Amino acid sequence: MSDVYRPVNAVQWAPFRRESGCAMHPGRMSARHALVAVLLLAACDRDAVADPSPASAPVEPAAAGDADAPPAADPTPGPDSEEPAVVAEPDAPKPKVKPDDYGALRIPTPPVPEDELTVHALAGYPVVTVYAEPNLESARLGHLRIGQRMMVTAMVPDEGEGCKKGFYGLPTGGFSCASKGLIVDPDKAPYMKLPPPAPRVDSPNPYDYVVVAKDGTAMWWRPADADERTLAEEKYIASLPPEERPAPKPARGTKAKTDGATDAPAPALPGVDDEPAVELSPEEQAEIDRKKAEAAEAKRKAEEEREAELARKRANLPLSPGSPFLSKGNILSVGARTKEKGRRWLRTARGGYVEANRVYGKKVFDFEGAALEEGTTFPFGFVWSDKAAAFELQEDGSLKRKKKLDDRSFVDLEPETKTIADRVYYQTTDGLWVRESHLRLAEARELPEGVDPWERWIDVSLSKQLLVAYEGQTPVFTTLVSTGKKGNKEESFRTPKGQWRIQSKQITSSMAGSTATDGDYAIEDVPWAMFFEGNYALHGAFWHSRFGRTRSHGCVNLGPTDARWLFTWTTPFLPETWHGVKSQPDSPGSMVVVRE
């Protein structure tokens with residue numbers, strides 16, 4: 001990706017740290033990171049984490065336990081998971097013809113008949129893992145997203161250890177654990193306060209986005225009161241290096257002293273009309289002194305109680321555990337807006353809360369390549385000049401300008417070329433002529449080793465910043481991309497060259513990173529992520545429009561529309577209701593070839 005963010009489990013949301021580039025890795029969420037809502041992405045960074053589940057607070061079911069304790073979250077499946085990544089290469093001999101179920105994830109258990117789906121279920125954590133068997137040690141097939149509702153089977157006993165509440169069979173096949181984020185109820189749909197919006201799977205961008213406007217913006221797992229907001233600000237300031245801390249604010253109601261000022265006020269002189277002081281009896285003075293002592297004691301007790309209350313709040317601030325503070329420029333996905341505890345709040349699509357006046361709307365960009373019509377052959381490509389035009393060839397051999405061509409627009413060409421006035425021209429399929437020097441053309445590639453004639457695979461050219469998707473040896477789609485930029489000697493962001501199969505796919509995956517060159521960055525819910533090597537992925541990049549030029553921190557940036565097209569086309573296909581899927585030995589991902 002091109003603008004990515006530091007791992008969501010970083011001390012600060014990079015505090016969300018925003019960026020543009022992409023070395024990311026789908027992160028896993030530890031139980032203590034249940035709320036981590038990550039913002040962001042703008043590029044991929046090799047140090048970034050993919051989908052660590054940003055500041056998301058877990059669901060708020062009817063019986064949520066301790067109101068002051070953040071819920072635990074299950075690890076997010078992904079390349080950076082503690083368990084070794086599933087090898088995508090199939091072990092079994094390959095069939096000689098295209099299988100009928102090509103691309104479908106082969107789940108060990110079959111889909112569940114509707115009459116066996118008797119229990120209401122809700123994904124209550126940012127990530128709820130789908131297992132191949134009712135055993136936490138079995139293969140992780142993918143995951144559900146917070147807020148996903150469905151009917152599931154009756155409880156299936158844990159065949160291993162660690163899922164005390166048991167497993168439940170999903171409609172698609174596979175199992176999720178009720179001790180790891182799946183909330184179930186046999187009688188009614190489980191309650192969730194402010195349910196997050198479902199991703200818009202028919203849209204280039206599954207969510208709307210906002211940008212953090214100020215460093216140190218707190219990310220909460222529930223709305224905070226005035227005390228908590230003040231204590232959080234103090235905590236953030238204390239986390240800064242001494243030289244970066246702001247000067248302390250004067251106490252409310254006090255004024256800064258001027259030179260020569262003293263603490264003691266000047267005594268007031270008696271006026272001519274003042275009544276003489278009344279002399280008090282010893283008993284009267286004693287009563288006054290007693291009342292003053294009682295008031296002082298009451299004030300002392302109130303201050304002690306107040307300090308004890310603040311100490312309790314200070315020790316249990318409802319901040320997102322993994323990333324309590326966000327950096328200016330971090331990007332968050334929008335869930336709902338609400339007003340609570342005297343403030344307007346934005347709840348992110350992952351369940352975290354930020355004050356609404358600390359963020360502003362994010363402008364999004366897009367780019368669309370071209371799905372190739374059946375029978376399209378090379379050459380084809382894109383206009384690469386803002387001065388390009390299409391010409392008609394006259395009978396005398398001269399050219400007459402017919403129309404201007406938009407920069408980066410797709411052109412389908414005939415194989416023949418013609419040299420006119422010492423310049424080479426290509427003829428378009430509609431009979432016009434375009435100068436070769438104004439074009440960026442795709443190159444036909446041979447079927448990679450290990451790819452069968454019916455398989456879907458992707459070729460990425462770093463030198464041309466151009467992608468072609470193939471079915472066997474037939475090109476079916478092409479677009480411009482943004483891969484890793486050069487960087488410097490100490491920190492290169494170049495996208496690695498090689499040949500890999502897609503390891504995992506996620507509708508959205510939060511990404512974050514920290515670089516010496518570009519600083520920290522973070523983007524929540526980067527769309528249509530397809531991880532092919534560690535933290536490197538093809539994904540949508542809504543934060544820039546420089547497709548056709550290097551820009552990212554290592555990932556392959558695509559316009560969101562193009563990323564969605566490739567996401568739905570590549571294997572393994574995403575099962576219905578799931579948010580992410582992992583390739584398996586018998587369900588390999590599509591091949592991705594990255595070359596110069």
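Remember, predicted model here, so these are calculated numbers, not experimental data.

> Explanation requested: the overall build of the protein in the structure shown.
When its secondary structure is counted, the protein shows three helices and 37 strands. By residue count, 52% of the 596 residues in the protein fall in the buried class. Considering only contacts in the protein between residues 6 or more positions apart, those separated by 24 or more positions represent 72%. For the protein, the computed accessible surface area is about 28,200 Å², with 50% contributed by carbon and sulfur atoms.

> Help me out: how do you make sense of the sheet that holds strand S29 (residues 466-471) in this one?
Strand pairing in a sheet is mediated by backbone hydrogen bonds. Such pairs are either parallel or antiparallel. The mixed open sheet is built from six strands, whose spatial order is S20-S30-S29-S28-S37-S31. If you trace the sheet from one side to the other, it starts and ends with strand S20 (370-371) and strand S31 (498-501), each paired once. Sheet topology note: the S29/strand S30 (residues 474-480) ladder contains six bridges and is antiparallel. When the sheet's bridge partners are listed, Leu 466 is paired in S30 with Leu 480. Running at roughly 150° to S30, helix H3 (residues 560-569) makes contact with S20, strand S28 (456-461), S29 and S30 of the sheet.

> In this structure, what is going on with the packing of helix H1 (residues 226-239) against helix H2 (residues 282-315)? I would like to understand it.
Any two packed helices are characterised by the angle at which their axes cross and by the distance between the axes. Viewed as axis vectors pointing N to C, H1 and H2 meet at an angle of 65°, and their least axial separation amounts to 10 Å. Relative to H2, the element H1 lies roughly perpendicular. The two elements H1 and H2 cross, and the hand of that crossing is right-handed. Facing H1, whose interface residues are Asp 227, Glu 228, Leu 231 and Glu 234, H2 presents Arg 306, Glu 309, Leu 310, Lys 313 and Arg 314. Tallied by class, the residues present in the contact of H1 with H2 amount to two nonpolar, no polar and seven charged.

> What should I look at first to understand the pattern of salt bridges in this one?
Tallied over the full model, the rule gives 26 salt bridges. Two residues, Arg 290 and Glu 294, come together in a salt bridge whose shortest N-O distance is 2.4 Å. Of the two residues, Arg 290 and Glu 294 both sit in helix H2, four residues apart, roughly one turn of that helix. For Arg 290, a relative accessible area of 37% puts it in the partly exposed group. With a relative accessible area of 45%, Glu 294 lands in the partly exposed category. Glu 443 is the salt-bridge partner of Lys 464, the closest N and O atoms lying 3.5 Å from each other. Of this pair, Lys 464 sits in the loop between S28 and S29 while Glu 443 sits in the loop between strand S27 (439-441) and S28; the two residues are 21 residues apart in sequence, bridging distant segments of the chain. Taking relative accessible area as the criterion, Glu 443 reaches 34% and is therefore assigned partly exposed. Salt bridges here are not isolated pairs; linked through shared partners, they connect Asp 225, Asp 227, Arg 306, Glu 309 and Lys 313.

> I tried to follow the layout of surface pockets on my own but got confused; where do I start?
Gaps left between atoms are located by rolling a probe of water-molecule size over the structure's atoms. Within this model, the largest pocket holds a volume of roughly 890 Å³. Along its surface, the largest pocket is lined by 25 residues, and Thr 230, Glu 233, Glu 234, Ile 237 and Lys 249 are the ones closest to its centre. Taken together, the elements giving at least two residues each to the lining of the largest pocket come down to strand S14 (217-218) and H1. In terms of residue count, H1 provides more of the lining of the largest pocket than any other element does, seven residues in total. Taken together, the residues of the lining of the largest pocket sort by class into eleven nonpolar, four polar and ten charged.

> Is there a simple way to explain the side chain of Thr 508 in this structure?
Mapped onto the elements, Thr 508 comes out in strand S32 (residues 504-515). Thr 508 gets classed as buried once you look at its relative accessible area, which sits at 0%. A distance of 3.0 Å separates a polar atom in the side chain of Thr 508 from a polar atom in the side chain of Arg 145. Among the polar contacts made by the side chain of Thr 508, one reaches the side chain of His 579 at a distance of 2.9 Å.

> Just checking my understanding: could you explain empty space enclosed by the protein for this structure?
Going through the model one piece at a time under the given rule, you end up with two cavities of 30 Å³ or more. Considering only enclosed or pocket space, the second largest cavity measures out at about 40 Å³ in volume. If you trace the second largest cavity, you find it lined by Leu 441, Ala 442, Glu 443, Asp 459, Ser 461, Lys 464, Leu 466, Val 468 and Arg 595. The residue makeup of the lining of the second largest cavity, split by class, is four nonpolar, one polar and four charged.

> Can you walk me through the state of the cysteines in this structure?
In total, this model carries one disulfide according to the counting rule given. Put simply, Cys 163 and Cys 177 are joined by a disulfide, and their sulfur atoms are 2.1 Å apart. Since a negative S-S torsion denotes a left-handed disulfide, the Cys 163-Cys 177 link at about 115° is right-handed. Here Cys 163, found in the loop between strand S9 (155-156) and strand S10 (167-169), pairs with Cys 177, found in strand S11 (residues 175-177); they are 14 residues apart in sequence, far enough to count as distant. Pair check on accessibility: Cys 163 and Cys 177 agree, each one buried.

> I keep staring at H1 and nothing clicks. Help me out?
Think of an α-helix as turning once every 3.6 residues; residues three or four places apart then point the same way. Under the 1.5 Å per step criterion, the end-to-end length of H1 is 20 Å for 14 residues, consistent within 8% with the ideal 20 Å. Every buried residue of H1 is accounted for by Asp 227, Glu 228, Arg 229, Leu 231, Ala 232 and Tyr 236. Lining the buried residues of H1 we find H2, strand S15 (325-326), strand S17 (343-348) and strand S18 (353-355). Its side-chain oxygen at 3.1 Å from the backbone nitrogen of Asp 227, Asp 225 defines the N-terminal cap of H1.

> Before we go on, may I ask you to explain the sheet that holds strand S12 (residues 182-185) in this structure?
Taking strand neighbours across the sheet as the criterion, the three strands line up as S8-S5-S12 in an open arrangement whose pairing is antiparallel. Of all strands in the sheet, those bounded by a partner on one side alone are strand S8 (149-152) and S12. The sheet shows a mean angle of 30° between the axes of neighbouring strands, taken without regard to direction.

> Explain the environment of Glu 436 to me, please; I cannot follow it from the model alone.
Looking at where Glu 436 falls in the secondary structure, it is placed in the loop between strand S26 (433-435) and S27. According to the relative accessible area criterion, Glu 436 is partly exposed, its value standing at 35%. As for Glu 436 and Tyr 425, which are separated by eleven residues in sequence, their C-alpha atoms are 5.1 Å apart. Every residue in contact with Glu 436, bar those within four places of it in the chain, is listed here: Val 424, Tyr 425 and Tyr 426.

> Could you clarify how one ought to interpret the pairing of strand S5 (residues 119-123) in this entry?
Looking along a regular strand, one sees the side chains alternate between the two faces of the sheet. Summarising burial for S5: four of the five residues are buried, a large majority. In the sheet, S5 pairs with S12 via four bridges, with the strands oriented antiparallel. Bridge pairing in S12 places His 120 opposite Asp 185.

> Mind showing me how you'd approach the side chain of Asn 557 here?
Positionally, Asn 557 belongs in strand S35 (residues 556-558). A relative accessible area of 0% means that Asn 557 is categorised as buried. Engagement of the side chain of Asn 557 in a polar contact is seen with the side chain of His 544, the distance being 3.0 Å.

Criteria and thresholds
Residues numbered from 1 in each chain as written. Predicted model: local features only at pLDDT ≥ 70, side-chain atom pairs only at ≥ 80, totals over all residues. Heavy atoms only, no water. Helix = DSSP H or I, 4+ residues; strand = E, 2+ residues; numbered from the N terminus. Buried < 20%, exposed > 50% of the residue type's maximum accessible area, 1.4 Å probe, protein only. Contact = heavy atoms within 4.5 Å. Areas by Shrake-Rupley, 256 points an atom, 1.4 Å probe, with all protein chains shown as cover. Pairing = 2+ DSSP bridges. Axes fitted to C-alpha atoms, helices over the stretch in contact; angles between N-to-C directions. Parallel < 35°, antiparallel > 145°, perpendicular 65-115°, else oblique. Left-handed = near helix turned anticlockwise from the far one by under 90°. Nonpolar A, V, L, I, M, F, W, Y, C, P; charged D, E, K, R; others polar. Salt bridge = Lys/Arg side-chain N within 4 Å of Asp/Glu carboxyl O. 1 Å grid on protein atoms, 1.4 Å probe; cavity = no way out; pocket = protein on both sides within 12 Å on 5 of 7 lines; lining within 4 Å. Points joined across faces, edges and corners; volume = space filled by probe spheres on them. Polar contact = N/O pair within 3.5 Å; in protein donor to acceptor, adjacent residues only side chain to side chain. Disulfide = S-S within 2.5 Å. Expected span 1.5 Å × (residues − 1).

Keep in mind these values describe shape, not function.
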